[in-house]
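# Structural features, examined
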Amino acid sequence: MERYPFSSIEKKWQRFWEENRTFKAVEDPSVPPEKRKYVLDMFPYPSASGLHVGHPEGYTATDIYCRYLRMNGYQVLHPMGFDSFGLPAENYAIQTGTHPKATTEANIDKFREQIKALGFSYDWDREVSTHRAEYYKWTQWIFLKLYEQGLAYMEEIPVWYCADLGTVLANEEVITTPDGPRSERGNYPVERKPLKQWMLRITQYADRLLEDLNKLDWPESIKTMQRNWIGRSEGANVFFPLADHEGSLEVFTTRPDTLFGATYMVLAPEHPLVGELTTAEQQKAVEQYIEKAKLKSDLERTDLAKEKSGVFIGAYAINPLNDERIPIWVSDYVLLSYGTGAIMAVPAHDARDWEFAEKFDLPIIKVVATPEEDVSDPHASITAEMPGAFTGEGTSVNSGQFSGMPTTEAKQKITDWLESEGKGTRAVNYKLRDWIFSRQRYWGEPIPLVHCENGEIVPLDAGELPLELPEVESYKPSGTGESPLAKVEEWIRTECPDGSGAGARRETNTMPQWAGSCWYYLRYLDPKNDTELVSRQKEQYWMPVDLYVGGAEHAVLHLLYARFWHKVLYDVGVVTTDEPFMRLVNQGMILGESGEKMSKSKGNVINPDDIVRDYGADSMRVYEMFMGPLETAKPWSTNGLVGVHRFLDRVWRVSERTLVDDEPPLELQRVLHKTIKKVTHDTENLQFNTAIAQMMIFVNEAFKQDVLHRALWEPFVLLIAPYAPHIAEEMWEKLGHDETLAYHDWPGYDEELTKDEQVEIVVQVNGKIRARLTTPADTADAELKEMALANGRVRQYTEGKDIRKVVTVPNKLVNVVVG
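### Comments concerning the nonpolar core
Membership of the largest hydrophobic core comes to 171 residues, with the highest contact counts inside it found for Y38, F564, W565, W636, W713 and I720. In this view, W636 contacts V53, I590, L591, G592, E593, M598, I606, I611, Y623, E624, M627 and L641; residues no more than four positions away in its chain are not counted. Core analysis: the next-biggest nonpolar cluster, separate from the first, contains 50 residues, L277, V330, M405 and A410 among them.

### Here's the deal with empty space enclosed by the protein
Going through the model one piece at a time under the given rule, you end up with two cavities of 30 Å³ or more. The volume enclosed by the largest cavity comes to roughly 50 Å³. Taken together, V654, L668, A702, Q705, V707, L708, H709, L712 and W713 make up the full set of residues lining the largest cavity. The set of elements that each furnish at least two residues to the lining of the largest cavity consists of β27 (708–709) and α23 (710–720). Looking at side-chain class alone, the lining of the largest cavity contains seven nonpolar, two polar and no charged residues. Computed from the structure, the second largest cavity encloses a volume of approximately 40 Å³. Considering the residues around the second largest cavity, the lining is formed by L87, E90, N91, I94, L165, G166, Q440, R441, Y475, P477 and P484.

### Section: the side chain of E507
By the element assignment, E507 lies in the loop between β21 (503–506) and α14 (514–517). The buried charged residue E507 lacks any salt bridge partner; its closest oppositely charged side chain belongs to K196, at an N-O distance of 9.3 Å. A polar contact is formed between the side chain of E507 and the side chain of W198, at a distance of 2.8 Å. A polar side-chain atom of E507 sits 3.0 Å from the main-chain amide nitrogen of N509. Residues in contact with E507, not counting those within four places in the same chain, are M154, W198, I447, L449, V450, H451 and W491.

### With respect to the environment of V31
Tracing the backbone through its elements, the reader meets V31 in the loop between α1 (6–20) and β1 (36–41). Residue V31 is classed as buried on the basis of its relative accessible area, which comes to 12%. Along the chain, V31 and L295 lie 264 residues apart, while their C-alpha atoms are 59 Å from each other. In this structure, V31 is in contact with R36, Q75 and Y541, ignoring residues within four places of it in sequence.

### Topic: the state of the cysteines
Tallied over the entire structure, the rule returns one disulfide. Linked covalently through their sulfurs, C452 and C496 form a disulfide whose S-S length is 1.9 Å. Between C452 and C496, the S-S dihedral sits near 85°, and the bridge is therefore right-handed. Placement of C452 in strand β18 (residues 449–452) and of C496 in the loop between β20 (493–495) and β21 is noted, with a sequence separation of 44 residues between them. The same class applies to C452 and to C496, which are both buried.

### Remarks on helix α20 (residues 638–655)
Here α20 contains 18 residues, and its C-alpha end-to-end distance of 26 Å stays within 8% of the 26 Å for a straight helix at 1.5 Å per residue. Here α20 has its buried residues at L641, V644, H645, F647, L648, D649, V651, W652, V654 and S655.

### With respect to unusual backbone geometry
In this structure, the amide linkage connecting L465 to the following residue, P466, adopts the cis form with an omega of 5°. In this fold, P466 is placed in the loop between β19 (457–459) and α13 (489–492). A cis amide bond, omega 0°, links M543 with the succeeding residue P544. Secondary-structure assignment places P544 in the loop between α16 (536–542) and β22 (547–550). Phi is positive for L686, which is not a glycine, with a value near 60°. Residue position: L686 is located in the loop between α21 (666–684) and α22 (688–703). If you check the backbone angles, N766 has positive phi at about 50° while not being a glycine. Positionally, N766 belongs in the loop between β28 (758–765) and β29 (768–776).

### Here's the deal with the packing of aromatic side chains
Under the counting rule described, the total for this entry stands at 44 aromatic pairs. Ring centres 5.6 Å apart and planes at 70° place the aromatic pair F312 and Y316 in the edge-to-face group. Given a relative accessible area of 21%, F312 falls into the partly exposed group. Taken together, the ring pairs connect F143, Y147, W198, W435, F437, W514, Y561 and W565 into an aromatic cluster. Over the face of the ring belonging to Y153 we find R201, whose NZ or CZ atom lies 3.9 Å from the ring centre. The residue whose ring lies beneath R325 is Y316, and the NZ or CZ to ring-centre distance is 4.5 Å.

### As for the pairing of strand β9 (residues 248–253)
Summarising the sheet, strand β8 (residues 233–243) and β9 pair through six bridges and their orientation is antiparallel. Bridging across to β9, F240 finds its partner in L249. Counting the residues that bridge the hairpin from β8 to β9 gives four residues, and of these D244 lies at a positive phi of roughly 70°.

Basis of the calculations
Residues numbered from 1 in each chain as written. Predicted model: local features only at pLDDT ≥ 70, side-chain atom pairs only at ≥ 80, totals over all residues. Heavy atoms only, no water. Core = buried A, V, L, I, M, F, W, Y, C linked by side-chain atoms within 4.5 Å. Buried < 20%, exposed > 50% of the residue type's maximum accessible area, 1.4 Å probe, protein only. Contact = heavy atoms within 4.5 Å. 1 Å grid on protein atoms, 1.4 Å probe; cavity = no way out; pocket = protein on both sides within 12 Å on 5 of 7 lines; lining within 4 Å. Points joined across faces, edges and corners; volume = space filled by probe spheres on them. Helix = DSSP H or I, 4+ residues; strand = E, 2+ residues; numbered from the N terminus. Nonpolar A, V, L, I, M, F, W, Y, C, P; charged D, E, K, R; others polar. Lys, Arg positive; Asp, Glu negative; His and termini not counted. Salt bridge = Lys/Arg side-chain N within 4 Å of Asp/Glu carboxyl O. Polar contact = N/O pair within 3.5 Å; in protein donor to acceptor, adjacent residues only side chain to side chain. Disulfide = S-S within 2.5 Å. Expected span 1.5 Å × (residues − 1). Phe/Tyr/Trp six-rings, centres within 6.5 Å; stacked < 30°, edge-to-face > 60°. Lys NZ or Arg CZ within 6 Å of the ring centre and 35° of its normal. Pairing = 2+ DSSP bridges.

Here is the structure:
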C-alpha cells in the first residue's frame, strides 16, 4: 500500500482553501445571534526567529473548535493578524540602518507562510498589522477620543529610562539583578529619570474593571491577578499634624483601628516632603539613602523577603488620636505610587513594620488582641510579649475609648471620630496606577497632538489622520530623552490646528506597543472601512468575542488595557458591549524534552518548519493536542510525535481498503457511535487529547477489518476533520464527494448504540471490593442484589452476619452493608 503522502496532500488542500476562500466569514443576517461565534487567537509579534512550536498549540485548539462549529451550522469569525510595532525591529534598525518597516514586513511574510503551512482556517481577507498607517489611523483616532474625554494627560514623573533602548520602560519591563535594575529586553542598565510623559487615566475605570470581572468566564487565577493588580482597598485617609512645622502628613490606612499602635511613620524616598522636613543633621544620610533607592526597581523595593533599610529624617508627626510624637523615617519599602506615599507604621500588626521596628529598635505597641486572648478588661494595659506581628482581626486594646471593640466596629467608630474632628476621611485606594503611555522611540504610532506657541496642546482633526511616521536618517535615541522624531525638524514644525496660523511643534513621543493590541479584535470586524473604526452593523453582528485563547503571560497588562479601552469606546458609543472577551482560555507552555523551558541558549527549540517537512502539518496538529490537557504545561517528545504520525499513517492505510456499502458488524457500529459521542463532547469542551484517544480506539478496531465500510468511515472522516483537516479532505474526496467537508453536517449518534451490552459490576462488602460481576447492561436493581448475594466470594463475608442494607448503582456497583 502507498504510504501516507502527507506533503502533496497538505499542499493540495492549502491551495484549495486559499483559492476558494473557504473560510471567508460573512455577516449573514439570516443566521440567528446564538449561531454566531467569534473565536480569537492572541495575535503574534512577528519576530525574526519566526514561529515556534508554542504558537501552534493555541492556534490548533481554536482551529479545531472553529471547524467543529462550522460543521454544526455556526457562522464563525476566525481572523489572524500581527502585533507589528515593537522594539526588536527598531533595535535592528539602529544596528544595521535597515528600516523597521522592511524588517517587520519580511518577518510578517515568514510568519504568514508558516501559519498557512499548518492549515489553520483563518479568514485571511481580514488580516491586520498594527504598524500599517491604515490601521494606526484608528489607533490615533482612539487616542483623540481618550484626550477628548480627559483620559489622556501629560505629567512629569520619575520613570525607568533605558539609554540603550532610548525609551521609558514600565515597572514590569524592569528586572532586578546583582548589578542593579536592568531592562527585561536586552539586559541594559536603567535609571530613574524625571520625564514628561503622556498618561492614561485607567484609574478612573478601576471600579468597573474590578466589578465586571464577575461577568467573565475566565480562569479564576487570571481574574485574581487582575483583582490584585487593581488592588482596591477601603480605609481612611488620616491627617498627622507635623511637629515643629506647618501642615500635616496624610496617610492612607486600611486599619484605622490600629492608630493607637502607630509608633513611627515612613515616607517614600520620592515623597516631596522628605527634603522639606529633613533636618540639617540628617540631610547627608538621607540624600545618600535616596540615591541608593533610585537603583532599585519597585519589585525589589517591595519584596517581602528583602532586609529592611531606612534613615530617620529628624522630624516628628503627632498622632491625631493620642497626641503622641512619632518619628518620621524614609524607607524604600514605601512607594510614592501607592496611597499617599507615606504610611503610619504599626509594627505590632504589620509584618514589614515589625521587621523594620526590630531592626531599628523602635517601639512595638499591641493594640489588637487575638480571638484567643482574655480581654475581659480591655482597658488594662496589655503588654505581653508578642512572637511576631498579629495581622488578623480581634479586639481593640490599649486604644483609649475604643478598647474592647471588635475590629470591624473599631474601624467604623475611629473613622467616624476622625471625620467628626476633621482629622481624617473615609477613602478607597487602588494599587493600580495611571498608564504611562509615552515611549521615546521611532517605531510606534505618532501621537496626534501638537504643542502650539501659546503653550496650548491641540489635537489634530480626525480628518488629518493618519499622522504618518516620517523617514529619518538615524533610528538612534536622541540622547536627550526624546525620541528620534525630535531630530526631524521638517516633520516637527507645523501650524497650530486652532486656526490662529501660529506655529507649533508636533508631539515627538510615540505610543507603546500595547496601543495597537488594545483594540485589534474590533478592526478584524471591518478591516477595510476607511470612514469609521468599525461599522455598527458588523460590531453588533459579532461582538463580544466568544472565545479568546493565548498565553497566561498576558494575564494582566494586555487584558487590562484592552478592557479599559473597550469600556471607553463603549462610553463614547463606538461599541455596544462593555466587555470585549467573554471567555478566556490560557494554553499551557510546551517545554523542551527534558521539561525545561525552550530557549536558544539551551539548544532545545523545536522548529515547526522541520516538523511539517518531516511529518506533516496534520501530525503536528494532532500531536500538540494529544500531549495533554490544553491548559497544562507539557514536555515535547519526538517519540510521541512519531507515534501520532504512525496513527495517521494507519488511518491512511485503512482508507485505502476496498470500499463496501454493506452493513458493518454491530460491534463496530457500537465503537463508532461511542466515538462520535465522545469526540463531540470533548471537542465542544476543548478536551482534545481525550477525543484523539477515542479516535485511536476506533481506528484500531477498523484496522482489523479486511474491507472499508462506508457507513463507518464517512462519519469517522468527518470526526477527524477538525483535527487533521488535510488528510480528512483527501479521504472525503476519495469517498466520492466533490465538495469540501468544511461545512458538512457533523455526524450524530444513536444513544442506544453507545451503551455496552455487557457491563462489569463491582461488588463491595462494607465498602471493600470483594467480587466483580459481568451482567447485561441495565440489569434491574433487584436482580443485581440477588446476583451479588449469591456470589460465593461475597458469601464468605456475609454468612452468619446481619445484612442491614444493599445499595446499588446501576451499571456500576453493589455495596452490601453487614453488621
